[in-house]
Amino acid sequence: MRHPTGVQKHLPGICFGFGEGAHNFTGRDATVQTLDGIMARPRNPNLRGENEFYITGLGGIGKSALAREYAFRKCHDYDFNIVWIKADSLPPMRDSFIGLAKNKLNLQFRPEETNQEIARQVYEWFMGQKALFIFDNVQRREDFLEFRCRGYLGYQKPHILVTTRRCDLISSRERRLELGELPGDEAAKLIQKSLEKSSEDSALQLADKLHSLPLALQQGLAYISKHLWTYPDEKCIEKYLKEFDKNEQKLLDYHDGSDYVADYSGTVFTTWNSTVSEITIPNARPTTNLFRTFSYVHSEKISLDFLAELWQVPEDQVHQFLAAFVNTSMISMDRERKCVNINRVVQHVVRLGFEDEEERLNTLNRTAEVIAQQLGAGCSELALECVLH
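Values in this document were obtained by computation on a predicted structure and should not be read as measured data.

**Q** Give me the pattern of salt bridges: which residues, what numbers.
**A** Applying the stated criterion across every chain, the model contains 14 salt bridges. With a shortest N-O distance of 2.7 Å, Arg166 and Asp168 are connected by a salt bridge. According to the relative accessible area criterion, Arg166 is partly exposed, its value standing at 22%. Classification of Asp168 as partly exposed rests on a relative accessible area of 39%. Its salt-bridge partner being Asp245, residue Lys209 comes within 2.8 Å of it at the nearest N-O pair. Linking Lys209 in helix α7 (residues 200-209) with Asp245 in helix α9 (residues 233-246), this pair joins segments that are 36 residues apart in sequence. One connected set of salt bridges, linked through shared partners, spans Asp29, Glu69 and Arg73.

The following block contains the structure:
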């Protein structure tokens, strides 16, 4: 493992939970600096939550990788005390705290001790020291609150950095970094870092095909490394792009456990399908059916009026439906322009999720019908072109 200090492991401080996988990080230098600025803002240590900071964004956008890189670069600001907590549910959070206590802090707990009691003793061990706790992939706020840092009146609390796709876990924008897509040129550099002899043009083609999504890029590089390694770098990208066009689901669901995808617990396909299935909207049709209506429209500036007509509901109910998708970072919303945007790779995954051809065609035709109504009479062919864009 590349130690957070960047040097030897015998330096002072507690480093826990980062694993031994290779850390493949390229680009986002400006984003790391922005995160550092957010984390360094003055705060009142006696106010609850003032020590908590959040990275939010779409599953697979690179939240965990960003948090990891920040820890590597800035560990000296935390006296080299860096703790990584697996936080997707209560059991791994408890296991992380107990593992930290037992293996690093020489603390022992009785089986009946509550999560809050365990967390309190761990945080107290760091009292008077600087420390950074990273809660990775928090799914439910109520789970996180069981391990929240409490007390410390008059003392400096550890910094808490949370990565989550749940935008609704925090209301303060001052303590949140919303992570967007990787710029195309940085995505190309990531590709060329692995395929050193590939040209910038071919790397940009691959980045564009996968919409510069870090998880999709890592899956693509893992597939190329294992299945196309006999080809020259330039040729293997060409082969991958052809295979992707033939079988998107196979490649978006590819995971061989390699270092390329070590930061992710699932593939693009499984991550987003599980996200959509977990969303619940009161008094609405099945969430999956609602979300699939995004699959055959242009990915940017989808108007709320269009969605109201497509879903056949009033605009206030459109906002209710969209809030559920926005809160899980599946879409982004521009409230001033009254429109939403969706990642193109998400659209690919949604299309692949149709259970049969009839369902797919019904969705496509309904979308084309609404577009034709909004364009005006005699525009059915143009509407179909818009849908198939």
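And the narrative resumes.
**Q** Help me get a handle on the packing of helix α3 (residues 90-105) against helix α4 (residues 115-125), residues and values and all.
**A** Where α3 meets α4, the axes come as close as 10 Å, and the angle between the chain directions of the two elements is 40 degrees. The orientation of α3 with respect to α4, classified from their angle, is oblique. Relative to α4, α3 is oriented so that their crossing is left-handed. From α3, Leu90, Arg94, Phe97, Ile98, Leu100, Ala101 and Leu105 reach across to α4, where they touch Asn115, Ile118, Ala119, Val122, Tyr123 and Trp125. Classifying every residue of the contact of α3 with α4 by side-chain character gives 11 nonpolar, 1 polar and 1 charged.

**Q** Explain the packing of aromatic side chains to me, and be specific about the residues and the numbers.
**A** This structure, assessed with the given rule, holds 11 aromatic pairs. Ring geometry for Phe126 against Phe133: centres 5.4 Å apart, planes inclined by 85 degrees, an arrangement best described as edge-to-face. Here Phe126 and Phe133 have matching classes, each one buried. Members of the aromatic cluster, connected to one another through ring pairs, are Phe97, Tyr123, Trp125, Phe126, Phe133, Phe135, Phe144 and Phe147. A cation over a ring is seen here: Arg68 above Trp84, with NZ or CZ 4.8 Å from the ring centre.

Definitions and cut-offs
- Residues numbered from 1 in each chain as written.
- Predicted model: local features only at pLDDT ≥ 70, side-chain atom pairs only at ≥ 80, totals over all residues.
- Heavy atoms only, no water.
- Salt bridge = Lys/Arg side-chain N within 4 Å of Asp/Glu carboxyl O.
- Buried < 20%, exposed > 50% of the residue type's maximum accessible area, 1.4 Å probe, protein only.
- Helix = DSSP H or I, 4+ residues; strand = E, 2+ residues; numbered from the N terminus.
- Axes fitted to C-alpha atoms, helices over the stretch in contact; angles between N-to-C directions.
- Parallel < 35°, antiparallel > 145°, perpendicular 65-115°, else oblique.
- Left-handed = near helix turned anticlockwise from the far one by under 90°.
- Contact = heavy atoms within 4.5 Å.
- Nonpolar A, V, L, I, M, F, W, Y, C, P; charged D, E, K, R; others polar.
- Phe/Tyr/Trp six-rings, centres within 6.5 Å; stacked < 30°, edge-to-face > 60°.
- Lys NZ or Arg CZ within 6 Å of the ring centre and 35° of its normal.

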